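# Remarks on the overall topology
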Amino acid sequence: MAIEINDVNMLNDIQIKAENNRRFFSDVRSICFFTKDFAIEPTFITKPQDVIDLNVSGLDENHEFYKLIQSAYSQPFTPVLVVIYGNNTADSFTKLIETYKKHEKAFEVTNWVTNMDAKANKTFVESIVTYAKTDKEIQVGIALDIEKLTVTTALEYIKNANADNVAFIAEGNKNVKLGNWLTGALFGGTIGTKTPGSYIVHSTQIHGFVQETYSSTEQASMKGAGLTYLSKPTQGYFHVVGGLNSDNKMFTELNIIKIWLQDRIRKDITVFQVTNDKIPNNDSGKNMIRAIIMEDLRIAANMGMLMTDDSGNVFGTIVETDENGNKVKIQLGNLNIEGITQESLREGTFKFDLRVTYLNGARHITLRGTVTTEGGFWSGPGHVLWCCGLGNP
């Protein structure tokens, strides 16, 4: 099957024979808004009216799921790939997403977003987190209605989740009553719109919302726990505070960059393997793999994802000043490719360790894995390293 979508994640006119072909269609900006209230087959939409046009009984302009999607299209920029899906028989997210993936109309998506009633569906929400911890190729966004839960209860959801690819977003009473869902606006207006490296989730401006009534204590608690919420207006503009996943360490945008980088490397090495009959089992073969990875890193750096030194080297050394005024040298990253053997060539596997620095300089991305001829990417331990030369964030 040929790769057909022309995008930052894609190639054109490359033939690949692999059971995992569909993963090559992924776009890290893609979103699936899902619900367990209705049965809706995977449907690509371009505007909120498309949801109404499905004529699903009970799903109208007043339903919260519709409001979530409407909010995704409420910002100045339009999301590039939105899919909606509903499964009202699945009793866990694992069953919901597995059923989705088996559907003939399913699209490959990275971001899975819902505003289901977390209080009434606590067990199901917990199942979302459980599944997400087993699938590091997705980013999850879960809306928490503060009026139904209270801030204290919402913080318990985050503490219990502790997942580096699941974000919880606080939905205030005032905006929910107006049909404004911050989760939809954030994923639709920023994550689903711009290429990785071109945005910062935690300072995204939000348009068309009103000021919430969070107390200073509540805001401090939410920020400290990593619960994303809408700020008080600054010069008339609201912006997103937090932008962290529920481990309270991983920025949502950084996780998406990690997914992009992992997908890109897997795709390009897989294409290299299936289009080259002979790969030397010596330093020459390792250098061929290194050249592919380095080109992907160059693209990532040019898109604003990765930090480089003055010469544009993602593995270079920079000098920073610490809080005590001392000059500190920081190595931005490194790449190690394990030796290529006759056995690994027969198996079609390449193993490597890669560490690069996110552009804001506060975090490193570490990928350790094996890329196979069938498009697989097996991550090893130490997937993301949370440290830097100037201390922990």
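What counts and what doesn't
- Residues numbered from 1 in each chain as written.
- Predicted model: local features only at pLDDT ≥ 70, side-chain atom pairs only at ≥ 80, totals over all residues.
- Heavy atoms only, no water.
- Helix = DSSP H or I, 4+ residues; strand = E, 2+ residues; numbered from the N terminus.
- Buried < 20%, exposed > 50% of the residue type's maximum accessible area, 1.4 Å probe, protein only.
- Contact = heavy atoms within 4.5 Å.
- Salt bridge = Lys/Arg side-chain N within 4 Å of Asp/Glu carboxyl O.
- Phe/Tyr/Trp six-rings, centres within 6.5 Å; stacked < 30°, edge-to-face > 60°.
- Pairing = 2+ DSSP bridges.
- Right-handed = clockwise from strand over helix to strand, strands pointing away.
- pLDDT = per-residue confidence, 0-100.

This part takes up the environment of Asn 88. One can find Asn 88 in the loop between β3 (82-86) and α3 (93-102). You can call Asn 88 partly exposed: its relative accessible area is 42%. Each C-alpha atom, one on Asn 88 and one on Ala 39, is 5.4 Å from the other, the two residues being 49 residues apart in sequence. Setting aside residues no more than four positions away along its own chain, Asn 88 makes contact with Lys 36, Asp 37, Phe 38 and Ala 39.

It is worth spelling out the pattern of salt bridges at this point. Taken as a whole, this structure holds 15 salt bridges when the rule is applied. The residue Glu 295 makes a salt bridge to Arg 298 at a minimum N-O spacing of 2.5 Å. Of this pair, Glu 295 and Arg 298 both sit in helix α11 (residues 283-302), three residues apart, which is roughly one turn of that helix. Residue Glu 295 is classed as partly exposed on the basis of its relative accessible area of 33%. Classification of Arg 298 as partly exposed rests on a relative accessible area of 42%. Connected via shared salt-bridge partners are Arg 264, Lys 267, Asp 268 and Asp 296.

Turning our attention to the packing of aromatic side chains. According to the stated counting rule, one finds nine aromatic pairs in the structure shown. Centroid distance Phe 93 to Trp 112: 5.9 Å. Interplanar angle 85°. Geometry classified as edge-to-face. Linking Phe 93 in helix α3 with Trp 112 in strand β4 (residues 111-114), this pair joins segments that are 19 residues apart in sequence. A residue is classified by how much of its surface remains accessible, and Phe 93, at 0% relative accessible area, is buried. Consider the rings of Tyr 214 and Tyr 229, whose centres lie 6.1 Å apart with planes at 90°: the pair is edge-to-face. Linking Tyr 214 in the loop between β7 (205-206) and α9 (216-225) with Tyr 229 in strand β8 (residues 229-230), this pair joins segments that are 15 residues apart in sequence. Its relative accessible area of 10% is what places Tyr 214 among the buried residues. Of the aromatic side chains, those joined through ring pairs into one cluster are Phe 34, Tyr 85, Phe 93, Tyr 100, Trp 112 and Tyr 131.

Structurally, Thr 252 can be placed in helix α10 (residues 252-275). With relative accessibility at 3%, the residue Thr 252 sits in the buried group. Once you skip the residues sitting within four places of it in the chain, Thr 252 turns out to touch Gln 139, Ala 167, Ile 191, Gly 243, Leu 244 and Asn 245.

Before going further, it helps to examine the pairing of strand β5 (residues 139-145). For β5, the buried fraction is high: seven of the seven residues fall into the buried class. Neither face of β5 is exposed, since Gln 139, Gly 141, Ala 143 and Asp 145 on one face and Val 140, Ile 142 and Leu 144 on the opposite face are all buried. Judged from the four bridges that link them, β4 and β5 form a sheet pairing that is parallel. Bridging across to β5, Trp 112 finds its partner in Val 140. Taking the sense of rotation as the criterion, the β-α-β connection linking β4, helix α4 (residues 122-132) and β5 turns out right-handed. Across six bridges, the pairing between β5 and strand β6 (residues 166-171) is parallel. The residue of β6 that forms the bridge with Asp 145 is Glu 171.

With that settled, consider the sheet that holds β7. Across the sheet, which stays open at both edges, the three strands sit in the order β7-β9-β8 with antiparallel pairing between neighbours. Lying at the two open borders of the sheet, with one neighbouring strand each, are β7 and β8. Where β8 and strand β9 (residues 238-241) come together, two bridges link them in antiparallel fashion. Across the sheet, Leu 230 pairs through a bridge with Val 240, a residue of β9.

Let us look at the confidence of the model for the protein chain. Per-residue confidence for the protein chain averages 84 on the pLDDT scale, and 83% of its residues sit at or above 70. Segment residues 1-25 is flagged for pLDDT under 50; beyond a separation of four residues in sequence, or across chains, it makes 64 contacts in the model. Note on residues 380-393: pLDDT under 50 across the span, and 38 contacts to partners over four residues away in sequence or across chains.

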